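Chain and residue survey
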Amino acid sequence: MGDFDDLLAANEEFAADFDLGGFDGIARAGVALVTCMDSRIEPLGMIGLTPGDAKIFRNPGGRVTPQALEALVLGVHLLNVDRVLVVPHTRCAVASSSEDELRRRVGESAGQDASWQSFGVVEDQEATLRADVAAVRSHPLVPDSVKVGGFLYDVDSGRLRQVV
């Protein structure tokens, strides 16, 4: 006990004003966002939304993985999603490091061999973003009526730039 006390105390304060109880979980703004796990990204705030407005899927590099596609299909068919944003960001570790470098750094931190672990390094961020957007657009369970865009988030300015 004690390792999470600060977070549980913060949760008590959060819950005191909680107003999403009973909410059905749909995306009120019809938006789904796939972005990176980077803590410099505030997914809702960066596009002017609030809790309950969007479905958010985060992973290293903001990649459209099979799990992200699964989430998007559910969002489109069950949760009111009609617009999808794919948003990687500048200065991302998986886009600015080699697979070997990440394996070495993780191995040093872990104190054991990490040469077997894949980290999904992105060599060309814009080309990868185009491919990820194409993967969403071409998925057989994502209808053409769903708008899909690819954007790059600048972690130093807070601005989005549409790439595709």
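It should be noted that the structure appears before, not after, this text.
Reference entry: report on the structure contained in this document. None of the values given here were measured: they were computed from a predicted structure.

What counts and what doesn't
- Residues numbered from 1 in each chain as written.
- Predicted model: local features only at pLDDT ≥ 70, side-chain atom pairs only at ≥ 80, totals over all residues.
- Heavy atoms only, no water.
- Helix = DSSP H or I, 4+ residues; strand = E, 2+ residues; numbered from the N terminus.
- Buried < 20%, exposed > 50% of the residue type's maximum accessible area, 1.4 Å probe, protein only.
- Contact = heavy atoms within 4.5 Å.
- Lys, Arg positive; Asp, Glu negative; His and termini not counted.
- Charge placed at Lys NZ, Arg CZ, Asp CG, Glu CD.
- Disulfide = S-S within 2.5 Å.
- Polar contact = N/O pair within 3.5 Å; in protein donor to acceptor, adjacent residues only side chain to side chain.
- Phe/Tyr/Trp six-rings, centres within 6.5 Å; stacked < 30°, edge-to-face > 60°.
- Lys NZ or Arg CZ within 6 Å of the ring centre and 35° of its normal.
- Salt bridge = Lys/Arg side-chain N within 4 Å of Asp/Glu carboxyl O.

Looking at the overall build of the chain
If you tally the helices and strands in the chain, you get five helices and five strands. When its helices and strands are written in sequence order, the chain yields α-β-β-α-β-α-α-α-β-β. Taking the principal axes of its C-alpha atoms as reference, the chain extends roughly 50 × 45 × 30 Å. Evaluated residue by residue, the chain yields a buried proportion of 37% over its 164 residues. In the chain, 63% of the contacts between residues at least 6 apart in sequence involve partners at least 24 apart. Of the side chains in the chain, 15 bear a positive and 25 a negative charge, and the two mean positions are spaced by 9 Å.

Focus: unusual backbone geometry
Most peptide bonds take the trans form, and the phi angle of most residues other than glycine is negative. One non-glycine residue, asparagine 80, adopts positive backbone phi at about 75°. With respect to the helices and strands, the residue asparagine 80 is situated in the loop between helix 2 (66-78) and strand 3 (83-87). The phi angle at arginine 91 is positive, at roughly 55°, despite the residue not being glycine. Residue placement: arginine 91 occurs in the loop between strand 3 and helix 3 (93-96).

Some details on the state of the cysteines
The final tally for this structure, using the stated rule, is zero disulfides. Residue cysteine 36 stays outside any disulfide, its sulfur separated by 4.2 Å from that of cysteine 92, the closest cysteine. By relative accessible area, cysteine 36 is classed as buried at 4%.

Focus on the environment of aspartate 113
Residue position: aspartate 113 is located in the loop between helix 4 (99-110) and helix 5 (125-137). Separated by 66 residues in the primary sequence, aspartate 113 and isoleucine 47 have C-alpha atoms spaced 40 Å apart. Polar contacts involving the side chain of aspartate 113 include one to the side chain of serine 115, which spans 2.9 Å.

Some remarks on the packing of aromatic side chains
Counted by the stated rule, this structure contains one aromatic pair. Between the aromatic rings of phenylalanine 14 and phenylalanine 18, the centroid separation amounts to 5.5 Å while the plane-to-plane angle is 55°, which identifies the pairing as tilted. On the basis of relative accessibility, which here comes to 44%, the residue phenylalanine 18 falls in the partly exposed class. A cation over a ring is seen here: arginine 28 above phenylalanine 23, with NZ or CZ 4.7 Å from the ring centre.

Some thoughts on the side chain of aspartate 53
Within the secondary structure, aspartate 53 is located in the loop between strand 1 (31-36) and strand 2 (54-59). Relative accessible area serves as the criterion here: at 14%, aspartate 53 is assigned to the buried category. Among residues more than four places away in sequence, those in contact with aspartate 53 are Ala27, Arg28, Ala29, Gly30 and Val31.

Some words on the pattern of salt bridges
Applying the stated criterion across every chain, the model contains eight salt bridges. Note that aspartate 156 is salt-bridged to arginine 91, the shortest N-O span being 2.8 Å. Residue aspartate 156 is found in the loop between strand 4 (147-153) and strand 5 (160-162), and its partner arginine 91 is found in the loop between strand 3 and helix 3; the two are separated by 65 residues along the sequence. Neither residue differs from the other here; aspartate 156 and arginine 91 are each classed as exposed. Between arginine 130 and glutamate 126 there is a salt bridge, and its shortest N-O distance comes to 3.9 Å. Of this pair, arginine 130 and glutamate 126 both sit in helix 5, four residues apart, which is roughly one turn of the helix. A residue is classified by how much of its surface remains accessible, and arginine 130, at 41% relative accessible area, is partly exposed.

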